[in-house]
Amino acid sequence: IKQKKRHMGDTKHFCPVSLKEHFVLHPGLQEHAAKYKEKIYYFSTSEYRDKFLKNPEEYVAHNEPIQAPPLRVCLLGTHGAGKTTCARQIADKLGIFHIQFEEYLQELILPKTKKKVGPHFDEEHEEDDNQIPILSEELGDLSQTMTKPETEKSKQEEVLTDEEEAIKAGLMGSAELPPEVLDNIVLDWWKKEPFRSTGFILDGFPRTVDEVKYLAERGLYPDVAVYIEVEDSDILDRLFPPRLQKWKEKRRKKKEYKKKLKALKAKIRV
């Protein structure tokens, strides 16, 4: 039987309650169906079906189609696959937000950690010219000058909250982010402005099976999920040269630092 053309929100495919209340196209299930004005509607849960039946006119389309949600994309792939480069280009072309998940997490704790953390960032203390003690006119002040940077560093250290500790552990790869932490981060992208009405491409999330389950349990469905698959050799060719150059530059700075420190000690002895 040929059916009349149905407006968005008056569709047999998606739950009209999820669309109206959460701006999400949640697939309706046959076991949660209801009939209203000779049309059959399918709902994501029995609770939403009951809510619809109490006030159906609130959820069906009338003179105009209900506005469809914007495009939401999850872009996945191993480190070095080119996710961020592709995501930026897609976001610019479609006029949606680009959210780099791990970079976003870094920004949440950066005011306290003062540096990025994780296996892809060097954890070693990098020496520079500012760490070499400046000689005062009186050598008696030297010990105070040398201990000053450590004193200032201890003052700058701030205690992380439980949520920030969980984010740091997640970035270090030692633990997954618990659902209560994800709720404070991920839900806003689906439910709050400006993301809610503009759309986004989420780069690097979900990363695990548990994070996929988290999205499903919260009813946060992307319209598209893309996985970029590349050969290991391509990733090595892309990542190894800049890392090798960074290592060489670090070695050069260490040699310069030791040379300056040796000259400084010789000056103190004189």
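These numbers come from a predicted model, not from an experiment.

Caption draft 1: Quick look at the pattern of salt bridges. For the coordinates displayed, the defined rule picks out twelve salt bridges. The salt bridge involving Arg207 is made with Glu102; its shortest N-O contact spans 4.0 Å. Of this pair, Arg207 sits in the loop between β5 (200-203) and α10 (209-218) while Glu102 sits in helix α4 (residues 101-113), and the two are 105 residues apart along the sequence. On the basis of relative accessible area, Glu102 is assigned to the partly exposed category, the value being 34%. What you see here is one network of salt bridges that share partners, running through Glu102, Arg207 and Glu211.

Caption draft 2: Structural view of the sheet that holds β5. Judged by pairing direction, the sheet is parallel, and its four strands sit side by side in the order β4-β5-β3-β6 without closing on themselves. Both outer strands of the open sheet, β4 (97-100) and β6 (224-228), are each paired with one neighbouring strand and no more. The mean inter-strand angle of the sheet, taken between neighbouring strand axes irrespective of direction, is 20°. Of the strand pairs in this sheet, strand β3 (residues 72-77) and β6 are connected by five bridges, and their pairing is parallel.

Caption draft 3: Representation of the nonpolar core in the model. Counting 25 residues, the largest nonpolar core has Phe101, Ile167, Ile185, Val186, Trp189, Trp190 and Leu202 as the members making the most contacts within it. Put simply, the parts of the chain that give this core at least two residues each are α4, α6 (162-172), α7 (179-183), α8 (187-191), β5 and α10. Those residues in contact with Phe101 that lie beyond four places of it in its chain are Leu177, Leu182, Ile185, Val186, Trp189, Leu202, Asp203, Gly204, Phe205 and Arg207. With ten residues, the next largest nonpolar core counts Cys15, Val17, Tyr36 and Val60 among its residues.

Caption draft 4: Structural view of the side chain of Gln106. With respect to the helices and strands, the residue Gln106 is situated in helix α4. Residue classification places Gln106 among the buried residues on the basis of a relative accessible area of 4%. Of the polar contacts made by the side chain of Gln106, one reaches the backbone oxygen of Val117; its length is 2.6 Å. When residues no more than four places from it in sequence are discounted, the contact partners of Gln106 are Lys116, Val117, Phe121 and Leu171.

Caption draft 5: Quick look at a nonpolar patch on the surface. On the surface, Leu71, Ile90, Leu94, Val224 and Val226 cluster together into a nonpolar patch covering about 340 Å² of accessible area. Here Val226 lies in strand β6. Under the relative-accessibility criterion, Val226 is labelled partly exposed at 34%.

Caption draft 6: Representation of the packing of aromatic side chains in the model. Per the counting criterion, the structure on display carries nine aromatic pairs. Ring geometry for Tyr36 versus Phe52: centroids 6.1 Å apart, planes at 90°, classification edge-to-face. With a gap of 16 residues between them, Tyr36 in strand β1 (residues 29-36) and Phe52 in helix α2 (residues 46-54) connect regions that are remote in the sequence. Residues Tyr36 and Phe52 agree in their burial class; the two are buried. With a centroid separation of 4.9 Å and an interplanar angle of 50°, the aromatic rings of Phe43 and Phe52 are classed as tilted. Taken individually, Phe43 and Phe52 each receive the classification buried, so the pair is uniform in this respect. The residue whose ring lies beneath Lys20 is Tyr59, and the NZ or CZ to ring-centre distance is 6.0 Å.

Conventions and cut-offs
Residues numbered from 1 in each chain as written. Predicted model: local features only at pLDDT ≥ 70, side-chain atom pairs only at ≥ 80, totals over all residues. Heavy atoms only, no water. Salt bridge = Lys/Arg side-chain N within 4 Å of Asp/Glu carboxyl O. Helix = DSSP H or I, 4+ residues; strand = E, 2+ residues; numbered from the N terminus. Buried < 20%, exposed > 50% of the residue type's maximum accessible area, 1.4 Å probe, protein only. Pairing = 2+ DSSP bridges. Axes fitted to C-alpha atoms, helices over the stretch in contact; angles between N-to-C directions. Core = buried A, V, L, I, M, F, W, Y, C linked by side-chain atoms within 4.5 Å. Contact = heavy atoms within 4.5 Å. Polar contact = N/O pair within 3.5 Å; in protein donor to acceptor, adjacent residues only side chain to side chain. Patch = residues over 30% accessible without salt bridge, like charges linked within 9 Å, V, L, I, M, F, W, Y side chains within 5 Å. Areas by Shrake-Rupley, 256 points an atom, 1.4 Å probe, with all protein chains shown as cover. Phe/Tyr/Trp six-rings, centres within 6.5 Å; stacked < 30°, edge-to-face > 60°. Lys NZ or Arg CZ within 6 Å of the ring centre and 35° of its normal.

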